[in-house]
Amino acid sequence: YYKVLILSISITTGKLSIYAFTKMKPSYQATIKIFAGKSSDIKGNYSKEELQTYAGLVNTYIQLIKTDKFMDEVIDKANLNMSPSQLLSGVTFSTSPDTPIFDISYASGNYKTSEKVVKTIADEFAVGVREVILNTHIKVIDDVKVTTIKPKKLKFILVGFFAGLIIGIGIIFFIDY
């Protein structure tokens, strides 16, 4: 029985190891931090109510970005070969509580593409928001930062080991039955 168990573990761990080292590539996540307020000067005089108003508008800004029309503009400007829904599936947003500051991130398998998409979204957003919400000024407060997300190959191999163990035990129970 131990031969069945060792064979099962070896096959699944081996196959998943080969997959992990040949097919799993790093991905890249680009992020940009944006401020949206009444003036282009972040240090402008804002009352607490004004900050809350602009902070409340952040979700409106995000919804504007999520429209197909906006994504089509980004696709055209960045010369991308994808649909708006494909582009939007890689875009994430994070907000800072009670501030008109938010992050736009895009994950891709290509370093340059992730960087270009985030820059283009920020540029198009700066133009587009002024058309919808008057007297809003957009300022990029932190340039695009691209981080590498390395696949967790060891974790994948461990899953293969335990899957092989479970399969092997199942085969042993079946043979014994």
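Just above, that's the structure.
All values reported here derive from a predicted model rather than from experimental measurement.

Let us look at the pattern of salt bridges. Under the defined criterion, the tally for this structure stands at three salt bridges. Ionic pairing is found between Glu 124 and Lys 77, a salt bridge with its closest N-O pair at 3.9 Å. On the criterion of sequence distance, the pair formed by Glu 124 in helix H5 (residues 111–132) and Lys 77 in helix H3 (residues 68–78) is long-range, its members being 47 residues apart. Assessed through its relative accessible area of 52%, Lys 77 is described here as exposed. Taking the shortest distance from any N to any O, the salt bridge between Lys 145 and Asp 142 comes out at 3.1 Å. Given the relative accessible area of 48%, Lys 145 is considered partly exposed. Taking relative accessible area as the criterion, Asp 142 reaches 27% and is therefore assigned partly exposed.

So, about the nonpolar core. Counting residues in each nonpolar core, the largest one holds 35 residues, and the members touching the most others are Tyr 61, Phe 102, Ile 121 and Phe 125. Those elements that place two or more of their residues in this core are strand S1 (27–37), helix H2 (48–65), H3, strand S3 (101–108), H5 and strand S4 (137–149). Beyond its immediate chain neighbours, meaning those up to four positions away, Phe 102 contacts Ile 32, Lys 33, Ile 34, Val 58, Tyr 61, Ile 62, Ile 65, Ser 94, Thr 95 and Phe 125.

Taken together, the side chains of Tyr 1, Ile 167, Ile 171, Phe 174 and Ile 175 present a nonpolar region at the surface, about 540 Å² in accessible area. Looking at where Tyr 1 falls in the secondary structure, it is placed in the segment before helix H1 (2–22).

Another aspect to go through is the environment of Thr 99. One can find Thr 99 in the loop between strand S2 (91–95) and S3. In this structure Thr 99 comes out as partly exposed when scored by relative accessible area, which is 25%. Considering only alpha carbons, one finds Thr 99 and Ala 78, 21 residues apart in sequence, at a separation of 29 Å. Not counting residues up to four positions away in its chain, the partners in contact with Thr 99 are Ala 55 and Val 58.

The rules behind these values
Residues numbered from 1 in each chain as written. Predicted model: local features only at pLDDT ≥ 70, side-chain atom pairs only at ≥ 80, totals over all residues. Heavy atoms only, no water. Salt bridge = Lys/Arg side-chain N within 4 Å of Asp/Glu carboxyl O. Helix = DSSP H or I, 4+ residues; strand = E, 2+ residues; numbered from the N terminus. Buried < 20%, exposed > 50% of the residue type's maximum accessible area, 1.4 Å probe, protein only. Core = buried A, V, L, I, M, F, W, Y, C linked by side-chain atoms within 4.5 Å. Contact = heavy atoms within 4.5 Å. Patch = residues over 30% accessible without salt bridge, like charges linked within 9 Å, V, L, I, M, F, W, Y side chains within 5 Å. Areas by Shrake-Rupley, 256 points an atom, 1.4 Å probe, with all protein chains shown as cover.

By themselves, these figures tell us nothing about what the structure is for.
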